Amino acid sequence: MSRSERNQISRRVLLASAGAAAGATLTAGVSVRAATEPPAFGPVKIRPGDPRYEGLLRGNNFRHVGRPDEIRVVGSTDQVVRAVTEAVRAGRRVAVRSGGHCFENFTTDPAVRVLLDLSSMDEVGYDADKRAFAVQPGATLGQVYRALYKGWGVTIPGGGCPAVGAGGHIVGGGYGTLSRRYGSVVDHLYGVEVVVVDRDGTARAVTATRETNDPHRDLWWAHTGGGGGNFGVVTRYWLRSPGATGDPSRLLPASPERMLECVLVWPWEGMTEQAFTTLMRNFGVWHEHNSAPGSRSAGLFGLFLAQHRNAGFFSVVAQIDADLPGADGVVTDFVAALTAGTSVQPIVDRRRTLPWLHKTTWPGTGELGDGATRRYKLKAGYLRRSLTDRQLAAVYRNLTNSTGGEESGMYLLGYGGQVNTVSPAATAVAQRDTVMKAIYQTVWANEADDAANLSWIRSFYRDVYADTGGVPVPNDVNDGSYINYPDTDLADPAWNTSGVPARTLYYKDNYPRLQQVKARWDPRGIFRHALSVEPPER
């Protein structure tokens with residue numbers, strides 16, 4: 001293999017790794033919008049016939065395109081209140097979009113008549129009154145990381161795609177390369193500002209925090225993993241780590257200075273089932289044995305990027321704060337455990353150290369597709385331990401069949417660690433004893449290929465979870481799925497034959513409490529989608 005071919009493979013691996021790990025920055029030090037600043041952007045009403053309309057219909061997944069009566073681009077909480085009020089009075093269903101990376105059609109459902117675009121609400125700063133960092137929902141993760149890093153040298157353990165909007169990422173739980181070390185993003189969520197609709201149809205903004213004496217605390221709790229589009233419109237998040245004190249530079253985890261990254265790539269040519277499944281099993285077993293909170297190994301974030309055979313190769317990436325004591329040794333031990341019992345040699349074996357901020361906010365990192373025609377379907381599952389031998393055989397079978405595309409595959413991502421120190425009931429994220437997440441993905445360009453790609457990924461997923469009705473029913477291996485990777489197939493009895501409803505797969509025992517929050521804060525059911533929280537039956 002030539003050097004140029006290896007470089008091309010490495011580039012594709014790095015792009016894929018960042019995407020799996022899954023958005024005008026306010027000047028550092030500014031707490032909130034000052035009275036002397038210009039008024040907020042908007043509102044802008046864009047309707048059919050406006051030359052901007054077609055360009056704003058789609059989110060990140062071009063499979064889903066809506067036709068709302070109006071796209072309302074808003075720039076402040078007051079504008080959101082007015083827009084929601086008008087929609088409710090007119091009886092027009094409303095949906096909310098910040099970064100636009102929803103995997104399903106929650107914002108493009110044909111029933112949605114008003115689409116609220118929050119992308120202009122993108123300020124990030126420090127709020128001295130709340131002693132917390134304020135983040136508006138339209139800010140991308142890249143903007144959040146840059147602002148926190150430049151102003152205070154802190155960060156949040158969020159996702160690896162800098163274009164994802166904070167609005168949906170945080171409310172669904174949020175995780176990323178630093179989660180094994182620092183927990184989920186919502187473990188650092190202090191408060192939320194949410195526009196809700198009362199029973200009489202009145203829209204208003206409510207602030208809810210984690211303070212035990214806050215009468216609105218249940219609304220805060222629902223936003224610690226309850227998922228977007230369920231309870232209202234989030235217009236601001238406040239972030240501060242529990243128990244943190246002192247100046248702002250101590251209120252969130254410290255940003256790493258440098259990242260040590262190890263990339264291993266194997267060709268599919270000549271790869272046997274035994275060698276492949278041994279590598280994947282070893283990856284899972286390492287996470288079973290090295291996910292203790294606070295341990296040296298919990299600083300390492302591993303990704304097994306099992307691209308389909310038609311891609312020509314598959315890979316493993318390990319990332320760690322380069323300045324952690326013994327970081328290089330942790331990576332060496334990880335690689336040794338990964339390759340134990342195999343004789344296959346990688347065609348790429350590279351380690352490098354680079355600035356953490358550069359890697360985290362590299363433009364284009366993590367996007368699916370080429371940006372011109374981007375169609376995809378993803379599925380997911382939590383794992384408490386390594387996949388079983390039967391599941392590994394199913395993975396190999398589906399990754400080596402003739403129907404998968406070059407941009408199809410399965411990812412295993414390291415999880416657990418500090419995440420698992422939090423009680424399942426403390427936040428809406430119920431999966432608190434897992435060590436990995438699994439992502440099943442297929443990406444394509446042409447609408448004519450929709451049926452073939454959907455058939456491939458649905459069959460793959462059902463095969464892996466054949467022993468539990470085609471879905472990851474919680475047991476000693478699986479633990480349901482992640483709401484930020486929504487999959488409407490989980491609510492379809494044609495694909496979920498387990499008898500376990502989607503709500504249990506996503507929320508487990510936390511669902512009844514989410515229903516109570518829904519009944520209190522969205523009694524009219526204004527905010528809903530294909531997987532939304534339903535009010536309790538009366």
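If you're wondering where the values come from, they're calculated on a predicted model, not measured in any experiment.

(A) Local environment of the overall build of the protein chain. Looking only at helices and strands, one finds 14 helices and 16 strands in the protein chain. For a compact globule of 538 residues, the expected C-alpha radius of gyration is about 24 Å, and the protein chain comes in at 22 Å, within 12% of that figure. Its C-alpha atoms put the protein chain at 65 × 50 × 45 Å along the principal axes. Surface exposure of the protein chain reaches about 20,100 Å², of which carbon and sulfur atoms provide 49%. Seen as two clouds, the 59 positive and the 53 negative side-chain charges of the protein chain have centres 2 Å apart.

(B) Structural view of helix H14 (residues 511–521). Looking only at H14, the buried set comprises Tyr511, Leu514, Gln515, Val517, Lys518 and Trp521. Viewed along the axis of H14, the buried residues span an arc of 160°, placing them on a single side of the element. Next to the buried residues of H14 lie strand E7 (189–197), strand E8 (203–209), helix H7 (217–222) and helix H13 (502–507).

(C) Looking closely at the sheet that holds strand E6 (residues 132–135). Strand order in the open sheet made by the five strands is E5-E6-E9-E7-E8, with antiparallel pairing throughout. Across the chains shown, the open sheet's two edge strands, defined by having one partner strand only, are strand E5 (124–127) and E8. Adjacent strand axes in the sheet meet at a mean angle of 25° when their direction is disregarded. The sheet contacts of helix H4 (residues 141–152) involve E5 and E6, and relative to E5 the element is tilted by about 50°.

(D) Representation of the UniProt feature "domain: FAD-binding PCMH-type" (unreviewed entry) in the protein chain within the structure. Per the UniProt annotation, the sites labelled "domain: FAD-binding PCMH-type" (unreviewed entry) are residues 64–244. A helix fraction of 23% and a strand fraction of 24% characterise residues 64–244, whose end C-alpha atoms lie 42 Å from each other.

(E) Summary view of the nonpolar core. Residues Phe276 and Phe304 are the most contacted members of the largest nonpolar core, which totals 129 residues. A per-element tally of this core places strand E10 (residues 258–267) first, with seven residues. Among all residues touching Phe276, those that are not within four sequence positions of it are Trp268, Met271, Phe304, Ala306, Phe314, Val395, Tyr396 and Leu399. Counting 18 residues, the second-largest nonpolar core is a separate cluster that includes Val88, Val195, Val197 and Val233.

(F) Fine view of the packing of aromatic side chains. Taken as a whole, this structure holds 30 aromatic pairs when the rule is applied. Seen in terms of ring centroids, Tyr507 and Tyr511 are 6.0 Å apart; in terms of plane orientation they differ by 25°. Their pairing is stacked. An aromatic cluster is built from Trp266, Trp268, Phe276, Phe283, Trp286, Phe304, Phe314, Phe334 and Tyr396, whose rings are joined through pairwise contacts. Lying across the ring of Tyr415, Lys437 places its NZ or CZ 4.5 Å from the centre.

(G) Just the pattern of salt bridges, in detail. Here the structure, examined in full by the defined rule, presents 33 salt bridges. The salt bridge partner of Glu70 is Arg72, with a shortest N-O separation of 2.6 Å. The pair formed by Glu70 and Arg72 is uniform in burial state, with each residue classed as buried. Measuring nitrogen to oxygen at the nearest pair gives 3.7 Å for the salt bridge that ties Arg97 to Asp117.

(H) Structural context of the sheet that holds strand E16 (residues 436–444). In space, the seven strands of this open sheet follow the order E13-E10-E12-E11-E15-E16-E14, with antiparallel pairing throughout. Bordering the open sheet on either side are strand E13 (348–355) and strand E14 (375–383), each of which pairs with just one other strand. The mean angle between the axes of side-by-side strands here comes to 15°, regardless of whether they run parallel or antiparallel. Helix H8 (residues 273–289) rests against E10, strand E11 (301–307), strand E12 (313–321), strand E15 (408–414) and E16 of the sheet, and its axis sits at about 155° to E11. Running at roughly 20° to E10, helix H9 (residues 327–339) makes contact with E10, E12 and E13 of the sheet.

(I) Expanded view of the confidence of the model for the protein chain. Of all residues in the protein chain, 91% have pLDDT values of 70 or greater, and the mean over the chain is 92. Contacts of residues 22–36 to residues separated by more than four positions or lying in other chains number 35 contacts, the stretch itself having pLDDT below 50.

(J) Spotlight on unusual backbone geometry. Between Gly42 and Pro43 the backbone carries a cis peptide bond, its omega angle lying at -5°. Note that Pro43 resides in the loop between helix H1 (3–20) and strand E1 (44–46). Positive phi is not limited to glycine here, since Arg131 has a value of about 50°. As for its placement among the helices and strands, Arg131 is situated in the loop between E5 and E6. The phi angle at Lys508 is positive, at roughly 50°, despite the residue not being glycine. On the secondary structure map, Lys508 appears in the loop between H13 and H14. Here Lys508 falls in the buried class, since its relative accessible area comes to 19%.

(K) Representation of the side chain of Asn484. If you trace the backbone, Asn484 turns up in the loop between helix H12 (450–464) and H13. Take Asn484: its relative accessible area is 18%, and that puts it in the buried class. Within the structure, Asn484 has its side chain in polar contact with the side chain of Tyr482 (distance 3.1 Å). Leaving out residues up to four positions away in the same chain, Asn484 has contacts with Phe103, Gly168, His169, Gly172, Gly173 and Gly174.

(L) Structural context of the environment of Pro293. Note that Pro293 resides in the loop between H8 and E11. In sequence terms Pro293 and Val419 are 126 residues apart; their C-alpha atoms lie 7.8 Å from each other.

(M) Summary view of the packing of H8 against H9. It is the contact of H8 with H9, at a shortest axis distance of 7 Å, that shows an interaxial angle of 135°. As summarised for this structure, H8 and H9 are arranged oblique, according to the angle between their axes. Seen from H8, the contacting residues are Leu279, Asn282, Phe283, Trp286 and His287; seen from H9, they are Phe334, Ala337, Leu338 and Thr339. A per-class count over the contact of H8 with H9 returns six nonpolar, three polar and no charged.

Rules behind the numbers
- Residues numbered from 1 in each chain as written.
- Predicted model: local features only at pLDDT ≥ 70, side-chain atom pairs only at ≥ 80, totals over all residues.
- Heavy atoms only, no water.
- Helix = DSSP H or I, 4+ residues; strand = E, 2+ residues; numbered from the N terminus.
- Rg over C-alpha atoms; globule rule 2.2 N^0.38 Å.
- Areas by Shrake-Rupley, 256 points an atom, 1.4 Å probe, with all protein chains shown as cover.
- Lys, Arg positive; Asp, Glu negative; His and termini not counted.
- Charge placed at Lys NZ, Arg CZ, Asp CG, Glu CD.
- Buried < 20%, exposed > 50% of the residue type's maximum accessible area, 1.4 Å probe, protein only.
- Arc of directions from axis to C-beta.
- Contact = heavy atoms within 4.5 Å.
- Pairing = 2+ DSSP bridges.
- Axes fitted to C-alpha atoms, helices over the stretch in contact; angles between N-to-C directions.
- UniProt positions renumbered as here; feature names shortened; annotations may be inferred.
- Core = buried A, V, L, I, M, F, W, Y, C linked by side-chain atoms within 4.5 Å.
- Phe/Tyr/Trp six-rings, centres within 6.5 Å; stacked < 30°, edge-to-face > 60°.
- Lys NZ or Arg CZ within 6 Å of the ring centre and 35° of its normal.
- Salt bridge = Lys/Arg side-chain N within 4 Å of Asp/Glu carboxyl O.
- pLDDT = per-residue confidence, 0-100.
- Polar contact = N/O pair within 3.5 Å; in protein donor to acceptor, adjacent residues only side chain to side chain.
- Parallel < 35°, antiparallel > 145°, perpendicular 65-115°, else oblique.
- Nonpolar A, V, L, I, M, F, W, Y, C, P; charged D, E, K, R; others polar.

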